[in-house]
Amino acid sequence: MKPEEWLAKLIDHIGLNLREQLHRCIDARHELARDRWLFEYSAQLVVVASQTWWSSDVNDAFEKLEQGSENALQDYLATLTANLAALTATLMRSDISRGDRVKVITLITVEVHARDVVKKLVETGVKVNSAFAWQSQLRYKWEETSREVSVQIADVDLDYSYEYVGNTGRLVITPLTDRCYMTLTQALKLNLGGAPAGPAGTGKTETVKDLGRALAIWVLVINCSDQMSAKVTSVLFSGLAQTGAWGCFDEFNRIPTEVLSVAAGQFASILDAKRAKREMFAFDDENIRLVPTMGSFITMNPGYAGRTELPENLKALYRPCAMVVPDFGKIAEISLAAEGFQDATVLSHKFVELFRLSRETLSQQMHYDWGLRAMIGILRIAGGLRRSDADKSEAQILMRALRDVNVPKLVLADISVFLSLVEDLFPRIECASKPPVELIQAVRSLLAEESSQLQPEPAFVRKCVGLDQILAIRHSVIILGPAGSGKSAIWKTLNKAYTEINSNSAATAGTGAALVVTVNPKAVSADELYGFVHPTTKQPIDGIFARLMRDFSNLDSKVPKWVVLDGDIDAGWVESINSVMDDNKVLTLVSNERIAVTPSMRLLFEVSHLRNASPATVSRAGVLYINETDIGWRLYVISWVEAMGSQHESLPSAMLEQLFEKLAAPALEYVRREKFKTATPLADIAIVQTLCSLFEGLIARNDVTGTTLDGGATASNDGGALDKELCEAYFKFATVWAVGGALVSEQAVDQRRAFSEWWHEAMGRTGTVHFPQTADSQIYDYFLDPLTRRFAPWRDVIGHYTHVFDITFANIMVPTIDTTRLGFLAETLIPLRKPMMLVGG
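Calculation rules
- Residues numbered from 1 in each chain as written.
- Predicted model: local features only at pLDDT ≥ 70, side-chain atom pairs only at ≥ 80, totals over all residues.
- Heavy atoms only, no water.
- Axes fitted to C-alpha atoms, helices over the stretch in contact; angles between N-to-C directions.
- Helix = DSSP H or I, 4+ residues; strand = E, 2+ residues; numbered from the N terminus.
- Parallel < 35°, antiparallel > 145°, perpendicular 65-115°, else oblique.
- Left-handed = near helix turned anticlockwise from the far one by under 90°.
- Contact = heavy atoms within 4.5 Å.
- Nonpolar A, V, L, I, M, F, W, Y, C, P; charged D, E, K, R; others polar.
- Salt bridge = Lys/Arg side-chain N within 4 Å of Asp/Glu carboxyl O.
- Buried < 20%, exposed > 50% of the residue type's maximum accessible area, 1.4 Å probe, protein only.
- Core = buried A, V, L, I, M, F, W, Y, C linked by side-chain atoms within 4.5 Å.
- Phe/Tyr/Trp six-rings, centres within 6.5 Å; stacked < 30°, edge-to-face > 60°.
- Pairing = 2+ DSSP bridges.
- Patch = residues over 30% accessible without salt bridge, like charges linked within 9 Å, V, L, I, M, F, W, Y side chains within 5 Å.
- Areas by Shrake-Rupley, 256 points an atom, 1.4 Å probe, with all protein chains shown as cover.

What follows is about the packing of helix α27 (residues 653–673) against helix α29 (residues 724–740). As a packed pair, α27 and α29 sit with axes 10 Å apart at the nearest point and diverge in direction by 25°. As far as their axial angle goes, α29 and α27 are roughly parallel. The chirality of how α27 crosses α29 is right-handed. Between α27 and α29, the contacting residues are M655, Q658, L659, F660, K662, L663, A664, A667, L668 and V671 on the first element and K724, C727, E728, F731, K732, T735 and V739 on the second. Here the contact of α27 with α29 is built from residues that sort into 11 nonpolar, two polar and four charged.

Structure below.
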């Protein structure tokens, strides 16, 4: 027997087994007690049986109405409410497994919608089952004679496909979901594809997947990119036709127009065969089998960067469906009820109101997301807290989840405003956070190590804990903050803390260190990053990211596995991994390989801004925002001072710290207060690092005799022992060039001269060695002569120019004051292997 024949028989066997089990589950619904029946069968069977009996019971109630029983629907509504209360009590039990808990949550989600439908029928006075309010619902019908289940909505009747879908949960059904279901099922009836379109986070892909789960059809999500060719689409459509599965092509309009035109012809041939009800048909010069359940759906974000307009012949094959803003209140209410909250209606209103006020009141930041994906993450956290902190009130639990999840992503100016909004919506309610004690101890022990060169600052520890909390609910996380704010140090420290916790825990001892790989996605092309199909040999060529994801996915170890993407985000490369970042958790490649994201894998983005990221990307990831002042430059100074003190006995830590407070801090404050511009954007930490590097270089030069300055002049730098006076003079020189060296003249304002004048006024009398003050000179015109311990003018050491007649004009170098001082700075930094950037015309 051929492998494909054996696999086909296996699929048929699974379908027959599921059909038989479903028959038993439906029959047992009223034979067994509800609690026993719930845990006797798998989640898929329980949900379908529950939906089947609900449809049957509502039809029975309509028959009773016709027979004169006016309260039939009200009585059934009371029964549904009682069943929901029992389910909620079951959910709060501590003795059920994780899988059973997911099953109960799924059943509550489905039955809350069922209750709301019946409630609406009662409120609107519907008396017959032919009313549109009932016919527009997704209804399961059990045929006693054929013992088959079918799914009906409006005038569409679809067979249940008996594909195993697992215990994956179900989508909260809103009026928008119902309309989308009707549109997509009508498209299937008309032998067309479906095309949900709308902004990011409106549930386009998830609705298609949920409809597939409702019909027990395998939905294959494909993340489209501009790398896809006509051959790739041909293979995909061919596979969908032969398996009867659905293909959901996410971001379909990212595919090049010329490929879309060919894809239109490929899909049209399948639709023609479906209309003719053929079992075999010709597709791309090959006869293949056609399973009639096959469907194709495309989801698009119109107007985003990198999108193309669909060809008209392709538009005609797909029925459009506009996905607008979903009903956040309904989703929050049903999700809270499914997580066991009794007061879900009031709390959901507070939840939605907080998101609305945050959207309108807080500053407009690129990384803020107050949409559906952010809401779902908080609801999951609230559900976990509801079960772990049963002694807390529901309002306390939701308030804590809203506060703890949102505060880490806020900029400094918005934190107090957001906390005020939380306090207004949850008055007189307090709920302190419960810090992870084991993690905090591990982080602090790592920071206490001498080799870490980091300070155990509470703000740094809080950011590590914040990143851990986000990683617990999101597998894709953006660490956002300016350069030098500590992004790398935070995730590296947390990664090491995970390793230490694993080694100290009896359950995870010996599992190995947490794994992490860093990639700069901007350093390579999209083909090199994700791989491509060779145009001649048609062989798939691996990409860097694809290889890493495959290696991590194939590892059985449960230790954390991180892929860190350290580079600016733009639509050119990041939207090819949208399906990795969202709940699909799968990397789809142009070779049609699908790499699953395992529970221990995480995707981290380390970026300084999100100016080029689309809302589709931002909404898919959790965000940890690090303000420039959260950690600041003073912690770096403390670590640097400790290192310098250990290397030079003549440099006491107290003296260096005093110099920073006396000279560097006022200079930085002045430059920021006056809003001076620099040749390239510089953060405070970058200026301080430059100051430290220059000071180190000057100290190193102090011990060298006969140093040659640029231009050929020689000056002795043997200044003898480093005393306080000489150290302060060196520090002044380093501060002037670190803080003021990158200043530029703008709009007729000479910022260098302004800084020079401020220095003479504010720092002119500080210490014993001062910069000379004349009408036509600036502090940049002097260097420190360690022999005289005085600042001498650069013009005194400008080298003599000797003309060489056979040299080309482009290579002529005439020493000037600028070449002399820049050469001196370069000779100070380069021997210490410190980077240096020269910016100018």
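From this point, the narrative continues.
Another aspect to go through is the pattern of salt bridges. Here the idea is simple: oppositely charged side chains can pair when their charged atoms come close. All chains considered together, the criterion is met by 41 salt bridges. One salt bridge connects E148 with R19, and the closest N-O pair in it is separated by 3.0 Å. Note that E148 is positioned in strand β2 (residues 148–153) and R19 in helix α1 (residues 3–28), a separation of 129 residues in sequence. By relative accessible area, R19 is classed as partly exposed at 23%. As a salt-bridge pair, D389 and R400 come within 2.8 Å of each other at their nearest N and O atoms. One end of the pair, D389, is in the loop between α14 (372–388) and α15 (394–406); the other, R400, is in helix α15, and 11 residues separate them in sequence. On the accessibility criterion, D389 (6% relative accessible area) is buried. The exposure class of R400 is buried, given its relative accessible area of 8%. Overlapping salt bridges bring together D389, R400, R403, D404 and K434 as one network.

Judged by nonpolar contacts, the single largest core of 122 residues is most densely connected at F545, I577 and F605. Residues contacting I577, with those up to four places away along its chain left out, are N223, Y530, F545, L565, L587, L603 and F605. One finds A665, I685, L784 and A792 within the second-largest nonpolar core, a separate group that totals 59 residues.

On to the packing of aromatic side chains. One pass over the full model with this rule turns up 36 aromatic pairs. Seen from their ring centres, F252 and Y318 are 6.4 Å apart, and the 50° between their planes marks the pair as tilted. Taken together, the residues span a long stretch of sequence, with F252 in the loop between β6 (246–250) and α10 (257–275) and Y318 in strand β10 (residues 318–322) at a distance of 66 residues. Across this residue pair, the class does not change: F252 and Y318 are buried. Consider the rings of F660 and F731, whose centres lie 4.9 Å apart with planes at 80°: the pair is edge-to-face. Placement of the pair is F660 in helix α27 and F731 in helix α29, with a sequence separation of 71 residues. Residue F660 is classed as buried on the basis of its relative accessible area of 1%. Residue class for F731 comes out buried when judged on its relative accessible area of 0%.

Attention now moves to the pairing of strand β11 (residues 476–480). With five of five residues buried, β11 lies mostly within the body of the structure. The side-chain alternation of β11 yields two buried faces, one formed by S476, I478 and L480 and the other by V477 and I479. Pairing of β11 with strand β18 (residues 601–607) involves five bridges; the strand directions are parallel. Bridging from a neighbouring strand, V477 pairs with L604 of β18. Here four bridges tie β11 to strand β19 (residues 622–625), and the two strands are oriented parallel to one another. Bridge assignment links L480 to a residue of β19, and that residue is Y625.

Turning to a nonpolar patch on the surface, a few remarks are in order. A surface patch of nonpolar side chains, amounting to about 660 Å² of accessible area, comprises M1, W6, L7, L10, I14 and Y164. Residue position: L10 is located in helix α1. Look at L10 and you get partly exposed, because its relative accessible area is 34%.

Below, the discussion takes up the sheet that holds β2. Taken in spatial order, the three strands make up an open sheet running β1-β2-β3, and their pairing is antiparallel. Strands at the two margins of the open sheet, each flanked by one partner only, are β1 (139–143) and β3 (156–159). On average, each strand axis in the sheet is inclined to that of its neighbour by 30°, with strand direction left out of account. Relative to β3, β2 runs antiparallel, the two being bridged by four bridges. Across the sheet, Q152 pairs through a bridge with D157, a residue of β3. Across the sheet, helix α3 (residues 43–66) touches β1 and β2, and the angle it forms with β1 is around 85°.

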